[in-house]
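# Chain and residue survey
Chain residues, written in single-letter form:
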Amino acid sequence: MTTAGQSAPLASAPLASAPLAAPLALGRKRLGLVLGINQTLSWGMTFYLPAVIAVPAAQDLGRSTVSLLGAFTMSLLIAGLCAPRVGRWIDRHGGKGSVAASVVVLASGQIILALSPNLEVWYLGWAVLGIGMAMGLYDAAFATVGTLLGREAAPTITGITLLAGLASTVFWSLGSAIIGFMGWRGLMLVYVCIMLCVNLPMVLTFVPRLDRNLKETKQTATERTPVSRRVTICLASFFALRWFITSALAAHILALFQGIGLNAAEAVLVASLIGPGQVAGRVLEWTVGRRFGLLLRARAAALLFPIGAAILPLGGPVAATVFALLYGMSNGIMTINRGTLPLALFGPNGYATVLGWLAVPVLVAQAVAPTVAAPLVAALPAVSVFLIGGGLGLFATLLLLPLRLPRQD
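The model shown is predicted, which means the values in this text are computed figures rather than measured ones.

## With respect to the layout of surface pockets
By volume, the largest pocket is sized at about 1700 Å³. The wall of the largest pocket is formed by 47 residues, among which Y48, A51, W172, A250 and A251 lie closest to the centre. At the level of elements, helix 2 (50-61), helix 3 (65-93), helix 8 (167-206), helix 10 (229-259), helix 11 (264-271), helix 12 (274-286), helix 14 (316-346) and helix 15 (351-379) are the ones that each hand at least two residues to the lining of the largest pocket. Examining the composition of the lining of the largest pocket, we find that ten residues originate from one element, helix 10, more than from any other. Tallied by class, the residues present in the lining of the largest pocket amount to 31 nonpolar, 15 polar and one charged.

Shown next as structure tokens:
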């Protein structure tokens with residue numbers, strides 16, 4: 001038995017009585033809001049950072065932009081190596097400590113970048129950021145929610161991604177504005193202040209700790225749902241392939257849009273619609289999506305990308321706009337599925353560990369995709385590249401067909 005002041009009301013225990021329903025719902029909404037803001041800040045000031053500072057930093061350090069971006073690739077690989085350990089730690093201790101520590105680690109990496117006199121220190125800063133990203137970005141946030149809420153975590157995960165979908169829009173604009181009068185090193189120090197003065201106190205104050213007694217009770221009563229190796233491989237391959245496509249397109253999207261006949265201004269405008277498409281997809285998942293089964297929603301969302309790619313050969317800004325919106329919606333819902341599908345398939349027991357292992361192929365795919373795709377983009381017409389991507393997206397969708405959700409007793 002626990003009191004209302006403990007974190008247990010956020011767990012997945014059944015509602016005992018009507019008076020408990022309101023505090024429970026309020027706690028879930030607060031958790032989703034806090035982690036949603038946390039993820040917006042953490043993603044915006046790390047993952048989306050290279051697009052803002054790579055060029056001015058390269059000029060300052062006297063090195064090529066390509067050599068600096070190699071550090072970002074390295075950071076994703078480091079995050080992939082660290083992810084399984086982070087998942088196991090969260091399963092044992094809960095996610096509050098990991099997410100809070102990640103803010104400190106990320107701020108440390110930003111300080112190193114701000115003070116970096118050469119390429120070697122620049123790479124050191126990104127190595128530290130890679131460790132911090134493993135400790136505190138989506139997988140850690142989803143794992144935190146899963147360990148607290150159990151099978152009831154899906155709506156909170158959706159809420160987190162709904163807020164964090166604005167990270168790129170907010171921080172690309174904010175970062176560019178700050179660089180204009182403070183330079184890229186000044187920008188890094190501003191980000192350090194936001195991390196330590198806003199992000200860290202918010203996590204420490206409002207994210208509850210895991211009730212270990214309740215967790216041990218649940219673990220003895222609930223074993224991890226058995227899932228076949230084939231299903232696990234299909235799920236991991238789906239996420240890895242889709243994030244490979246997403247990372248490759250993100251690196252080359254403006255050139256590809258211009259390759260299908262858009263001018264520079266049209267290419268930028270259409271590309272900017274991908275972000276709102278992601279938010280729209282998450283809103284649909286949050287609202288009408290709940291009326292349909294999880295697997296049906298996931299498969300339908302995955303199909304949106306190949307359908308959009310098939311429309312592109314029609315040519316013109318209208319076809320490109322439809323593609324950008326469908327592709328964005330597909331990506332937005334897929335991000336939610338990255339947290340909800342493993343929870344539904346494997347159950348809450350050991351959920352953080354499962355997420356940690358599933359993150360490895362995803363982060364590796366993200367890291368290598370831009371480099372692997374570059375020769376293809378240079379050699380083939382842009383429409384062909386989009387169609388190849390759509391074909392790979394269709395194959396990825398087929399990987400979801402063997403998945404079956406376990407029966408809930």
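## So, the side chain of R282
By the element assignment, R282 lies in helix 12. The buried charged residue R282 lacks any salt bridge, with E285 as its nearest oppositely charged partner at 9.6 Å. Separated by 2.7 Å, the side chain of R282 and the backbone oxygen of T161 make a polar contact. Not counting the four nearest positions on each side in its chain, R282 is found in contact with Y138, T158, T161, L162, A164, G165, G332, I333, T335 and I336.

## Digging into the nonpolar core
One recurring pattern in soluble globular proteins is that nonpolar side chains are buried together. Membership of the largest hydrophobic core comes to 69 residues, with the highest contact counts inside it found for I53, W122, W126 and V145. If you tally residues by element for this core, the top one is helix 8, at 13 residues. Residues contacting I53, with those up to four places away along its chain left out, are W122, I179, W184, L187 and M188. Among the nonpolar cores identified, the runner-up in size contains 46 residues, and L345, V362, L400 and L403 belong to it.

## A few points about a nonpolar patch on the surface
Where nonpolar side chains cluster on the molecular surface, the patch consists of L303, I307, L394, F395, L398 and L401 and spans about 530 Å² of accessible area. Looking at the nonpolar patch, the elements that each hand over two or more residues are helix 13 (294-311) and helix 16 (382-398). A total of three residues in the nonpolar patch trace back to one element, the largest contributor, which is helix 16. Within the secondary structure, F395 is located in helix 16.

## Observations concerning the environment of A248
Looking at the element boundaries, A248 is found in helix 10. Note on A248: relative accessible area 9%, which makes it buried. With 126 residues separating them in the primary sequence, A248 and A374 have C-alpha atoms 8.1 Å apart. When near neighbours in sequence (up to four residues on either side) are disregarded, A248 contacts A369, P370 and A373.

## Considering the confidence of the model for the protein chain
Taken over all residues, the pLDDT of the protein chain has a mean of 87, while the share at 70 or more is 89%. Confidence over residues 1-22 falls short of pLDDT 50; this stretch has 31 contacts with residues more than four positions distant or in other chains.

## Some remarks on the pattern of salt bridges
Within the structure shown, the criterion is met by three salt bridges. E285 serves as the salt-bridge partner of R297, at 2.9 Å between the closest nitrogen and oxygen. Pair noted here: R297 is in helix 13 and E285 is in helix 12, with a separation of twelve residues, a long-range link. On the accessibility criterion, E285 (6% relative accessible area) is buried.

## Looking at helix 5 (residues 119-136)
Across its 18 residues, helix 5 extends 26 Å between first and last C-alpha, which sits within 8% of the 26 Å expected from 1.5 Å per residue. The element helix 5 is extensively covered by neighbouring structure, given that 13 of its 18 residues are classed as buried. Two or three places before E120, at the opening of helix 5, N118 has a side-chain oxygen 3.2 Å from that residue's backbone nitrogen.

## Here we look at empty space enclosed by the protein
All told, the structure shown has one cavity of 30 Å³ or more when counted by the stated rule. For the largest cavity, the lining is made up of 21 residues, of which M133, L137, D139, R338 and L363 are closest to its centre. The set of elements that each furnish at least two residues to the lining of the largest cavity consists of helix 3, helix 5, helix 6 (138-149) and helix 15. Here the lining of the largest cavity takes six residues from helix 3, the largest share from any one element. Taken together, the residues of the lining of the largest cavity sort by class into 16 nonpolar, three polar and two charged.

## Some details on the side chain of S67
As for its placement among the helices and strands, S67 is situated in helix 3. Look at S67 and you get buried, because its relative accessible area is 18%. Separated by 2.6 Å, the side chain of S67 and the backbone oxygen of S64 make a polar contact. Apart from the residues within four sequence positions on either side, S67 is in contact with L119 and Y123.

## Brief notes about the packing of helix 2 against helix 3
At a closest axis distance of 9 Å, the pairing of helix 2 and helix 3 adopts a crossing angle of 130 degrees. As judged from the angle between their axes, helix 2 and helix 3 are oblique. Relative to helix 3, the crossing made by helix 2 is right-handed. Contact residues: helix 2 offers P50, A54, V55, A57, A58 and L61, while helix 3 offers T65, L68, L69 and F72. Considered class by class, the residues forming the contact of helix 2 with helix 3 number nine nonpolar, one polar and no charged.

Rules behind the numbers
Residues numbered from 1 in each chain as written. Predicted model: local features only at pLDDT ≥ 70, side-chain atom pairs only at ≥ 80, totals over all residues. Heavy atoms only, no water. 1 Å grid on protein atoms, 1.4 Å probe; cavity = no way out; pocket = protein on both sides within 12 Å on 5 of 7 lines; lining within 4 Å. Points joined across faces, edges and corners; volume = space filled by probe spheres on them. Helix = DSSP H or I, 4+ residues; strand = E, 2+ residues; numbered from the N terminus. Nonpolar A, V, L, I, M, F, W, Y, C, P; charged D, E, K, R; others polar. Buried < 20%, exposed > 50% of the residue type's maximum accessible area, 1.4 Å probe, protein only. Lys, Arg positive; Asp, Glu negative; His and termini not counted. Salt bridge = Lys/Arg side-chain N within 4 Å of Asp/Glu carboxyl O. Polar contact = N/O pair within 3.5 Å; in protein donor to acceptor, adjacent residues only side chain to side chain. Contact = heavy atoms within 4.5 Å. Core = buried A, V, L, I, M, F, W, Y, C linked by side-chain atoms within 4.5 Å. Patch = residues over 30% accessible without salt bridge, like charges linked within 9 Å, V, L, I, M, F, W, Y side chains within 5 Å. Areas by Shrake-Rupley, 256 points an atom, 1.4 Å probe, with all protein chains shown as cover. pLDDT = per-residue confidence, 0-100. Expected span 1.5 Å × (residues − 1). Axes fitted to C-alpha atoms, helices over the stretch in contact; angles between N-to-C directions. Parallel < 35°, antiparallel > 145°, perpendicular 65-115°, else oblique. Left-handed = near helix turned anticlockwise from the far one by under 90°.

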